[in-house]
2 protein chains.
Amino acid sequence: MSCSEAPKESYVDVLIIGAGPAGVMCANALVQAGVNVRIIDKRPEGLMAGQADGCQPRTLEILHSYDSTLSEKIFRRGEILYKTTFYNPRPGGHGGIQKTSNAVSINAPTARWEYSVNLHQGGIEGVLLEAMAEKGSRVERSTVPTAIELSQLPEDLQNPTAYVAKVTLRNFERAEDDLEIVHAKFILGSDGAHSWVRKTLGISMEGDNTDSIWGVIDMVPDTDFPDFRTKSFIHSDHGTVFIIPRENDMIRVYIQQGLDSVVIDPATGRADKSRTSPEKLMEQGQKILQPYRMEIKDGKVVWWTVYMVGQRVAEKYSTDERAFIAGDACHTHSPKAGQGLNASMGDTHNLAWKVAYVLQGWSPLSLLKTYESERRTYAQELIDFDKSFSKLFSDRPRTEVHQNGVTHEQFLGAFKTASGFTSGMAIRYKPSSIVNDKHQSVAANLVVGERMLPHVFIRAASSQPIEIHDMLPADTRFKILVFAGNMADVADRAKLEALGEELNKPESFMRRYGRSEGGKWQVFDLVCFSAATKDAVDFPEFFRWHWTKALLDDTDMHERFGGGGYAKFGIDEHAGAIVVVRPDGYIGIVVPLEDVAFLGSYFAAFLQ
Amino acid sequence: MSCSEAPKESYVDVLIIGAGPAGVMCANALVQAGVNVRIIDKRPEGLMAGQADGCQPRTLEILHSYDSTLSEKIFRRGEILYKTTFYNPRPGGHGGIQKTSNAVSINAPTARWEYSVNLHQGGIEGVLLEAMAEKGSRVERSTVPTAIELSQLPEDLQNPTAYVAKVTLRNFERAEDDLEIVHAKFILGSDGAHSWVRKTLGISMEGDNTDSIWGVIDMVPDTDFPDFRTKSFIHSDHGTVFIIPRENDMIRVYIQQGLDSVVIDPATGRADKSRTSPEKLMEQGQKILQPYRMEIKDGKVVWWTVYMVGQRVAEKYSTDERAFIAGDACHTHSPKAGQGLNASMGDTHNLAWKVAYVLQGWSPLSLLKTYESERRTYAQELIDFDKSFSKLFSDRPRTEVHQNGVTHEQFLGAFKTASGFTSGMAIRYKPSSIVNDKHQSVAANLVVGERMLPHVFIRAASSQPIEIHDMLPADTRFKILVFAGNMADVADRAKLEALGEELNKPESFMRRYGRSEGGKWQVFDLVCFSAATKDAVDFPEFFRWHWTKALLDDTDMHERFGGGGYAKFGIDEHAGAIVVVRPDGYIGIVVPLEDVAFLGSYFAAFLQ
């Protein structure tokens, strides 16, 4: 291009800047929802090793909700962690460690998969990139934004169809003056802890560095340490190591660095990788692990780094609900709880369906305010948790000499209570326009604002056992789950017939907001659960609109799966309840079968 | 090409003629084993609908053993059948049917997946074609053989590296005289019931047509029949119908045709599709199904046919162990037991590893004789079973009027005993050079000649629960499963140490036949199972050569899976046993831990 030509200009609904976990989760979700989206990244290719290293149970559920092949690939390519071992100083003060106890790797009884799966960040991103590629969408690499202009005109900002953002892009593989101007309705900065988007938007981070400094090495070990294939927390008189097994026979070793560590640059006070080496880190690790031996097999280091834990959260998550930030751009914390990648993906899983609703014209822009209110609150909770949890990792263990140290029981106790956070199960969104807990009691154990509990039901028509999560795909639809009582009971059935008539009226929320096209609602899915046994297969016509949508709370033909769902969910077998699950799998509201009007007012608050 | 040019000539190790279930199973298995293979088919493209319609439990296990993605795709794309319903004439002789009972769809308690999955034949083949394509291999379509010459020279026939077959190929998309001459070491005719290869080899079929004639329609029904999503056997005074639910809301309806049916061409005595229509068949079906209504939704017939059941088996399965036939080319029977596609895939699953062994020079040509001895015997058993089973489908039900008819109890009883065949679990290969049951008693419940039983163990190093079938991939290796006793017991451990030393000696069968390359045996895999609990993680070095290969017979950390494997397999917890599983998943031999010499002589009989 000659200097005299104007840069190429183009238009897109959503421009995503940064193809890390938050970015690719968002891009895939939007592509799947049919949104016109582009995603750029400065790196010429995807990560091959290192960085964040695992999917927690809730992230596995989320990936699965987009497509079962996503979680299946993670299971197949990663290392599933089942067990944790704890080591502590040998008594006597003569150095060395010994095993104190074993535990499950993750304590999350409600999780569909009660374990984490470890796989390098590029491997996890790769699963989403493959899913995007199948739909014809790819990351534009070697590309950075050089300028963002966001319209200040209220009439633009309040118009979801206006291209309010003007972003200048530069591709490193083209001439320096070969720029592109992209006009976008919405932009997302998912460009990491040092986010250029965040800085350009003038959003500041709140919080501090901590005195917790770690070295990390990914490698295949040559070792006689017996628990090298379990998650191992090792507290010694010489510091702390922990070990996370991963794919391809590798392990990740975290090695604690003291405050006096050489890795801290005295000039900046920051951790500086060039001041140490994998060999020096392993020397420290070896001292901690004695009497066991651990070396790097064939001297091959796959990836390594040093870092200082920062605990910060962005003061806000968007500018005018048109330019958003997500992931590390919003929050940083220690990797001990394994939350970096998981929290980042959770951010954009929360954001994507809301952006899709606004772009489709189904919801007003105000829906997007719930992104910050839900995810920033969670990030703050995560950091509060991280503060206490990561301190336990850095503090010395209690021994005869160090009577003020952390006891194994303290550590173990914290480890157990931490499971809500480390599994992702603890996320509970507070009441808002899309979370209403007024009638919580009708489904006492389905906590409004938390993710829907998994459970197996059987299809009435075929007796096929089916996990309810598999009926709640991330397809941008609200799932109306009607727990109808017992279809073999005349009174219950009459009540359900009446409900069907009510929902089928022109003024019902389903007809008003459902946007039926070709016999299929765009906004809703309707699934009916009878408390009857597998012989009572008949449902009122309105609720068996498709044979896969009528289910029974009974065991399968082999009596191996299913049954007891009403009791587990805290729903009365005759009173029933309607449970509304949001497109992201979180419970939006529960109401009595009789209160369709209240349900209508819930939807009226954010659907148009 | 001008007429004067000589045809193109080429060389290949294995040429497969016919890309139906037997052909694609063989091609994928050989490609995965690294064999140089080509596969041709006369059809210009793969099947889009109809024909064989489901995978039985053993076929699911077999597909899974090649790659877990194969079975996962079948589960995802097909319809899983959980339940069977039985209908019989309403008493009183006034016509109409009523439900008699429900049952599980398949009664096969040892199956890893105790159900069948229904999907049209092209969909099942497609899963294998996709796997082949990932490895760069594709079916050459619109191509037929026009001539086969097989060398008659003993020195050629006894030399596995000789290109004994000369096959002339013609591609319909090229000029008539544009032929190719392919020289192959082995050829396979998997070209269907009217096999050109079989006829050309001069192999005749033995057996007969039966008087069982059926019409078949695939469609989405519009019906008030309540069990249209379960496998339904319907006996009425007007004949028999059975219904098999399948993918995409479709069902397959089989409608019995009487001996006086118009579909029989009086001139030939054969079924002739042109003599009826889907509408006429549905008219018959509707009469049988009364008082229920069933129509073809929107009049759309996806696929239909009529056929007369033939029960035939080829007199032999090969010419000189160099030209083989498989699948429908070898055996035809009624589709009622759902065995056509499954038996066909089983044929070449049996054949492929043997061909690979001979081509690699690991085994003599004589190994290939076991293909016919194992699979032809099975086909005969299948036809014997089919004769009694399909008669029950064709016979009239017993009613007041027809006192000689089949009772529901007779039918139900036959249905239950048929499960071994319909699930694929009943296959038991008789003693031969590769099946030796002399020491059966040391693992009483692992029947030599049958497929290995599934069971969950846990990995010693990580406590990961793992299904033993997942340690028995179809990777052309013999799996040496050492059930070692209890590693926490001093005597048991000493015995295992001694066994390790024995197996590591230069004269041991492992070192003699194992063909170790880069620390990995080409012919064997070695897995060790300790009866100890999950705290006793330490194994002798020889048996923990890789951490994934040392397992424990204990429950996982959540106590949900595993434990009780020794008892299930009938192996004493201290005496132990060595179980050898063939590359195709069938048990070749079991021996006491002390009798390595006998195991050596077993392998010496077919390895070189």
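Residue numbering note: each chain is counted from 1, following its sequence as written. Chains and ligands are labelled by the order in which they are written, letters from A for the one and numbers from 1 for the other. Confidence filtering applies because this is a predicted model: local features only for residues at pLDDT of at least 70, side-chain atom pairs given and counted only at 80 or more, and all residues used for totals across whole chains, interfaces and linings. As a convention, hydrogens and water are excluded, and side-chain values are obtained from all of the structure's heavy atoms.

## Concerning the pairing of strand S9 (residues 165-171) of chain B
Residue and element names in this part refer to chain B. With five of its seven residues buried, S9 lies for the most part within the structure. A pair of strands is labelled paired if DSSP reports no fewer than 2 bridges between them. Numbering of helices and strands runs from the N terminus, with a helix taken as a DSSP run of H or I at least four residues long and a strand as a DSSP run of E at least two residues long. Bridge analysis of strand S8 (residues 143-150) against S9 gives seven bridges, and the strand direction is antiparallel. Counted as the bridge partner of alanine 147 is threonine 168 from S9. Sheet analysis places S9 next to strand S10 (residues 179-189), joined by six bridges and oriented antiparallel. The residue bridging valine 167 from the neighbouring strand is valine 182, located in S10. Only protein chains enter the accessibility calculation, which uses a 1.4 Å probe. A residue is then buried if its area is under 20% of the maximum for its type, exposed if over 50%, and partly exposed in between.

## Quick look at the sheet that holds strand S7 (residues 116-118) of chain A
Residue and element names in this part refer to chain A. Reading across the sheet, the three strands line up as S3-S7-S4 and stay open at both edges, with antiparallel pairing between neighbours. Both outer strands of the open sheet, strand S3 (54-55) and strand S4 (79-81), are each paired with one neighbouring strand and no more. Direction of pairing for S4 relative to S7: antiparallel, over a ladder of three bridges. The partner of isoleucine 80 across the bridge, within S7, is valine 117.

## Some words on the relation of the copies chain B and chain A
For the match of chain B to chain A, the screw axis carries a shift of 0.0 Å, the RMSD comes to 0.0 Å, and the turn is 180°. Seen this way, the second copy is the image of the first under a two-fold rotation axis. Superposition of the copies was done by least squares, using only C-alpha atoms of residues whose pLDDT is at least 70 in both.

## Looking at the packing of helix H1 (residues 21-32) of chain B against helix H8 (residues 340-360) of chain B
Residues and elements named next belong to chain B. It is the contact of H1 with H8, at a shortest axis distance of 8 Å, that shows an interaxial angle of 30°. In terms of orientation, H1 lies roughly parallel with respect to H8. Judged by the twist between their axes, the crossing of H1 over H8 is right-handed. Between H1, through Pro21, Ala22, Met25, Cys26, Ala29 and Leu30, and H8, the contact on the second element is made entirely by Leu341, Ser344, Met345, Thr348, His349, Ala352, Val355 and Ala356. Here, axes are lines fitted to C-alpha atoms. For helices the fit covers the stretch in contact, and angles between N-to-C directions go from 0 to 180 degrees. By definition in this entry, angles of less than 35 degrees are roughly parallel, angles greater than 145 are roughly antiparallel, angles of 65 to 115 are roughly perpendicular, and the rest are oblique. Throughout, a crossing is termed right-handed when the near helix is turned clockwise from the far one, and left-handed when it is turned anticlockwise from it by less than a right angle. Residues count as neighbours in contact if any of their non-hydrogen atoms are within 4.5 Å of one another.

## A closer look at the environment of lysine 273 of chain A
Residues and elements named next belong to chain A. Tracing the backbone through its elements, the reader meets lysine 273 in the loop between strand S14 (251-257) and helix H7 (278-289). Residues lysine 273 and glycine 215 lie 58 residues apart in sequence; the distance between their C-alpha atoms is 8.8 Å. For lysine 273, the contacting residues outside a window of four places in its chain are Trp304, Thr305 and Val306. The definition of a polar contact used here is a pair of N or O atoms within 3.5 Å, where within protein one atom must be able to donate a hydrogen and the other to accept one, and adjacent residues in sequence count solely through side-chain atom pairs. At 3.0 Å, the side chain of lysine 273 and the backbone oxygen of tryptophan 304 are in polar contact.

## What to know about the interface of chain B and chain A
Contacts between the two partners involve 29 residues from chain B, matched on the other side by 29 residues from chain A. Throughout, buried area stands for the accessible area (probe radius 1.4 Å) lost by two parts on being put together, summed over both. Here chain B packs against chain A, burying approximately 2900 Å² in sum over the two surfaces, 54% of which is carbon and sulfur. Broken down residue by residue, the surface that chain B buries against chain A is led by Tyr82, Trp547 and Met557 of chain B, which jointly contribute 22%. A carboxyl oxygen of Asp or Glu within 4 Å of a side-chain nitrogen of Lys or Arg is what we treat as a salt bridge. Summed over the shared surface of chain B and chain A, the result is four salt bridges.

## Focus: unusual backbone geometry
Glutamine 290 of chain A connects to proline 291 of chain A through a cis peptide bond whose omega is 15°. Relative to the assigned elements, proline 291 of chain A resides in the loop between H7 and strand S15 (294-314). Despite not being glycine, aspartate 320 of chain A shows a phi value in the positive range, around 60°. Within the element layout of this structure, aspartate 320 of chain A appears in the loop between strand S16 (318-319) and strand S17 (323-325). By relative accessible area, aspartate 320 of chain A is classed as partly exposed at 37%. Positive phi, normally seen in glycine, also occurs at serine 463 of chain B, with a value near 60°.

## Quick look at the environment of phenylalanine 509 of chain A
Residues and elements named next belong to chain A. If you trace the backbone, phenylalanine 509 turns up in helix H13 (residues 509-513). Judged by relative accessible area, which is 3%, phenylalanine 509 ranks as buried. Distance from phenylalanine 509 to tyrosine 586, taken between C-alpha atoms, is 20 Å for residues 77 residues apart in sequence. Beyond its immediate chain neighbours, meaning those up to four positions away, phenylalanine 509 contacts Ile480, Leu503, Gly514, Phe524, Val596, Leu599, Gly600 and Phe603.

## A few points about the packing of aromatic side chains
Stacked, tilted and edge-to-face are the three classes applied to pairs of Phe, Tyr and Trp rings, where Trp contributes its six-membered ring and a pair requires centres within 6.5 Å; stacked means planes under 30 degrees apart, edge-to-face means over 60, and tilted covers the rest. According to the stated counting rule, one finds 72 aromatic pairs over all chains in the structure shown. Ring plane angle 85° and centroid distance 5.8 Å describe the contact between phenylalanine 483 of chain B and phenylalanine 569 of chain B, whose orientation is recorded as edge-to-face. With phenylalanine 483 of chain B in strand S21 (residues 478-483) and phenylalanine 569 of chain B in helix H14 (residues 565-569), this pair connects stretches of sequence that are 86 residues apart. The buried category is assigned to phenylalanine 569 of chain B, whose relative accessible area is 0%. Look at tyrosine 602 of chain B and phenylalanine 606 of chain B: their rings are 5.2 Å apart centre to centre, the planes differ by 80°, and that puts the pair in the edge-to-face class. Grouped by ring-pair contacts, the aromatic residues Trp353, Tyr357, Trp362, Phe478, Phe509, Phe524, Tyr602, Phe603 and Phe606 of chain A constitute a single cluster. Across from the ring centre of phenylalanine 186 of chain A, 4.6 Å away, lies the NZ or CZ of arginine 322 of chain A, which sits over that ring. In this scheme, the term charge over a ring applies when either NZ of a lysine or CZ of an arginine sits within 6 Å of the ring centre and within 35 degrees of the ring normal. Its guanidinium or amino end placed over the ring of tryptophan 304 of chain B, lysine 273 of chain B lies 4.8 Å from that ring's centre, counting from NZ or CZ.

## Re the pattern of salt bridges
Evaluation of the coordinates by the stated rule reveals 80 salt bridges over all chains. A salt bridge links arginine 246 of chain B to glutamate 247 of chain B, with the shortest nitrogen-to-oxygen separation between them at 3.7 Å. Salt bridges sharing partners connect three or more residues here, namely Asp475, Arg477, Lys479, Asp525 and Lys549 of chain A.

## Comments concerning the packing of helix H3 (residues 68-77) of chain B against helix H4 (residues 121-134) of chain B
Residue and element names in this part refer to chain B. The contact between H3 and H4 brings their axes to 10 Å, and the two run at 140°. Taken as a pair, H3 and H4 cross one another with a handedness that is right-handed. Taking contact as the criterion, the partners of Leu70, Lys73, Ile74 and Arg77 in H3 are, on H4, Ile124, Val127, Leu128, Glu130, Ala131 and Glu134. A class-by-class count of the residues in the contact of H3 with H4 yields six nonpolar, no polar and four charged. Each residue gets one label: Ala, Val, Leu, Ile, Met, Phe, Trp, Tyr, Cys and Pro are nonpolar, Asp, Glu, Lys and Arg are charged, and the others, such as Gly, are polar.

## Notes on the domain arrangement of chain A
Residue and element names in this part refer to chain A. By the assigned domains, chain A splits into domain 1 (8-78 + 113-206 + 313-384), domain 2 (207-311 + 386-423) and domain 3 (440-604). When each unit is reduced to the centre of its C-alpha atoms, the spacing between domain 1 and domain 3 is 32 Å. Here domain 1 meets domain 3 over a buried area of about 1300 Å², counting both sides, of which 52% is carbon and sulfur. For the pair domain 1 and domain 3, the number of links is two salt bridges. A salt bridge links arginine 582 to glutamate 374, with the nearest nitrogen and oxygen atoms 2.7 Å apart. Contributions of two or more residues to the side of domain 1 that touches domain 3 are made by helix H2 (57-66) and helix H8 (340-360). When grouped by side-chain class, the residues that make up the side of domain 1 that touches domain 3 number five nonpolar, six polar and four charged. These domain limits were set by an automatic method or by a database of domain assignments.

## Regarding helix H12 (residues 490-503) of chain A
Residues and elements named next belong to chain A. Here a helix's expected span is defined as the number of its residues, less one, multiplied by 1.5 Å. In a regular helix each residue adds 1.5 Å, so 14 residues correspond to 20 Å; H12 covers 20 Å between its end C-alpha atoms and thus fits that length. If you check which residues of H12 are buried, you get Asp492, Arg493, Leu496, Leu499, Gly500 and Leu503. Projected down its long axis, H12 carries its buried residues within an arc of 115°, all on one side. Exposed positions of H12 whose direction lies more than 90 degrees from the buried face are Val490, Ala491 and Glu501. Here, the arc refers to the directions that run from the helix axis to the C-beta atoms.

## Quick look at the state of the cysteines
All names here are of chain B. In this description, the term disulfide denotes a pair of cysteine sulfurs within 2.5 Å. As enumerated under the stated definition, the model contains zero disulfides over all chains in all. Cysteine 26 carries a free sulfur, and the closest cysteine sulfur to it, the one in cysteine 330, is 12 Å from it. Note on cysteine 26: relative accessible area 3%, which makes it buried. No disulfide involves cysteine 55; its nearest neighbouring cysteine sulfur is the one of cysteine 26, lying 17 Å away.

## Side note on the side chain of asparagine 342 of chain B
All names here are of chain B. Residue position: asparagine 342 is located in helix H8. Given the relative accessible area of 8%, asparagine 342 is considered buried. Filtering out sequence-adjacent residues up to four positions away, asparagine 342 remains in contact with Gly54, Cys55, Gln56 and Thr59.

## Looking at H7 of chain A
Residues and elements named next belong to chain A. For H7, with 12 residues, the first-to-last C-alpha span of 16 Å sits near the 16 Å given by 1.5 Å per residue. Restricting attention to buried positions, one finds in H7 the residues Pro278, Leu281, Met282, Gly285, Ile288 and Leu289. Angular distribution of buried residues about the axis of H7 spans 115°; they occupy a single face of the element. Check the buried side of H7 and you find it contacts strand S6 (97-104), strand S11 (205-223), strand S12 (231-236), strand S13 (239-245), S14 and S15.

## Remarks on the sheet that holds strand S19 (residues 456-459) of chain B
Each strand in a sheet pairs with its neighbour through backbone hydrogen bonds, running either in the same direction (parallel) or in the opposite one (antiparallel). All names here are of chain B. If you walk across this open sheet you meet the seven strands as S20-S19-S25-S24-S21-S26-S27, and the pairing is mixed. Single-partner strands in this sheet number two, and they are strand S20 (465-467) and strand S27 (587-591). Across the sheet, the mean angle separating the axes of adjacent strands is 30° when strand polarity is ignored. The strands touched by helix H15 (residues 596-604) are S21, strand S24 (524-530), strand S26 (577-581) and S27; relative to S27, the strand with the most contacts, the crossing angle is about 155°.

## Description of the confidence of the model for chain A
Within a predicted model, pLDDT stands for the predictor's per-residue confidence, ranging from 0 to 100. Scored by pLDDT, chain A has a mean of 92; 98% of the residues are at 70 or more. Confidence metrics for the complex model read pTM 0.92 and ipTM 0.88.

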